[in-house]
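Chain by chain, the residues run as shown.
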Amino acid sequence: DYELIIVDNGSVQTETRRLLESLALDERVKVLHHDAAFNYSELNNLAVRNATGSVLVLLNDDTEVIQDRWLREVVSQALRPDVGVVGARLLYGDDHVQHAGIVMEDGQPHHQFRVLDASQVGPNGELALARSVTAVTAACAAMTKALYDEVGGLDEDFFMYSEELDWCKRIKDAGWAVVYLPTATVIHHEGKSSEQVVPARHIYFHSSKVRYFRKHHGALQAEALRWFLLLTYVYQTAREGLKWLVGHKRPM
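Residues numbered from 1 in each chain as written. Predicted model: local features only at pLDDT ≥ 70, side-chain atom pairs only at ≥ 80, totals over all residues. Heavy atoms only, no water.

> Just to check I follow, could you spell out the pattern of salt bridges for this structure?
Note that side chains of opposite charge can pair when their charged atoms are close. Summed over the entire model, instances satisfying the criterion amount to seven salt bridges. Measuring nitrogen to oxygen at the nearest pair gives 3.1 Å for the salt bridge that ties Arg28 to Asp26. Classification of Asp26 by relative accessible area gives partly exposed; the value is 27%. Here Arg80 and Asp82 are joined by a salt bridge, their closest N and O atoms 3.1 Å apart. (Salt bridge = Lys/Arg side-chain N within 4 Å of Asp/Glu carboxyl O. Buried < 20%, exposed > 50% of the residue type's maximum accessible area, 1.4 Å probe, protein only.)

Here you go:
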């Protein structure tokens, strides 16, 4: 038994509206219209507030389900007594691994698994096994409603990016495991909305990272990170300027 909750964030296309109206005819489907400005955390929290099930599965609108048993896999794992949140294995459209959990050392996200070689993603490889990680992405994540109510939802101050790092840290601090589950696989067509505003996406990505460090590691570390990012941009701008002066042109 399940219910499907769709949050429509101000769509104006007639075709989209008709599709949503047709889906809403199914008693298992709820369509929520939220016409305020986009806020990733707020939209997910709105869906959860309207959920009546005992297990929640967050699923981005730019994902594509390719397994028959993916839902059963993440739900059964989320119901384990020691598990807080479960993240699926995410693939790019070309089947390369996009996300298999985030591991952090000394408070810094040092390794987010991306395109990996066959020895790592094969049947006996590291990423073929369920394991505890520091964080998973909310593009496809499952947890019980009871635990969500206990630790709270995604922090809406983050707007977009780093909200999962914060969420998973709060879950781990409450004594629960954060688990990457390779047996549940979903394609994630990453950034299909944010790629329309690339400069803003970069700003939000880095400002959210600074916000995360300020919240969990203090103002000093957050300020150090902010200056590091600013100096990185200055260096990259200067390097591109020098390349332009010597006649280098970017490929079209």
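> How should the packing of aromatic side chains be read in this particular structure?
By convention here, two paired aromatic rings are described through the distance between centres and the angle between planes. In this structure the tally under the stated criterion is one aromatic pair. Ring geometry for Tyr148 against Trp167: centres 6.3 Å apart, planes inclined by 70°, an arrangement best described as edge-to-face. Linking Tyr148 in helix H5 (residues 145-151) with Trp167 in helix H6 (residues 163-173), this pair joins segments that are 19 residues apart in sequence. The residues Tyr148 and Trp167 share a single accessibility class, namely buried. (Phe/Tyr/Trp six-rings, centres within 6.5 Å; stacked < 30°, edge-to-face > 60°. Helix = DSSP H or I, 4+ residues; strand = E, 2+ residues; numbered from the N terminus.)

> Would you take a moment to explain the pairing of strand S10 (residues 140-144) for this structure?
Every other side chain in a regular strand lies on the same face of the sheet, so the side chains alternate between the two faces. Counting buried positions along S10 yields five of five residues, so the element is predominantly enclosed. Residue alternation in S10 divides its side chains into two sets, Cys140, Ala142 and Thr144 and Ala141 and Met143, and both sets are buried. Pairing of strand S3 (residues 55-59) with S10, which is carried by five bridges, proceeds in the antiparallel orientation. Bridge assignment links Val55 to a residue of S10, and that residue is Thr144. Alignment of strand S5 (residues 83-91) against S10, held across two bridges, turns out to be antiparallel. Residue pairing in the sheet places Val86 in a bridge with Ala142 of S10. (Pairing = 2+ DSSP bridges.)

> Explain helix H2 (residues 40-49) to me, please; I cannot follow it from the model alone.
Since the α-helix turns once every 3.6 residues, residues separated by three or four places project in the same direction. Within H2, eight of the ten residues are buried, which leaves the element mostly enclosed by the surrounding structure. Taken as a whole, H2 has its buried residues at Tyr40, Ser41, Leu43, Asn44, Asn45, Leu46, Ala47 and Val48. The residue sitting at the N-terminus of H2 and contributing the capping side-chain oxygen is Asn39; that oxygen lies 3.1 Å from the backbone nitrogen of Ser41. (Polar contact = N/O pair within 3.5 Å; in protein donor to acceptor, adjacent residues only side chain to side chain.)

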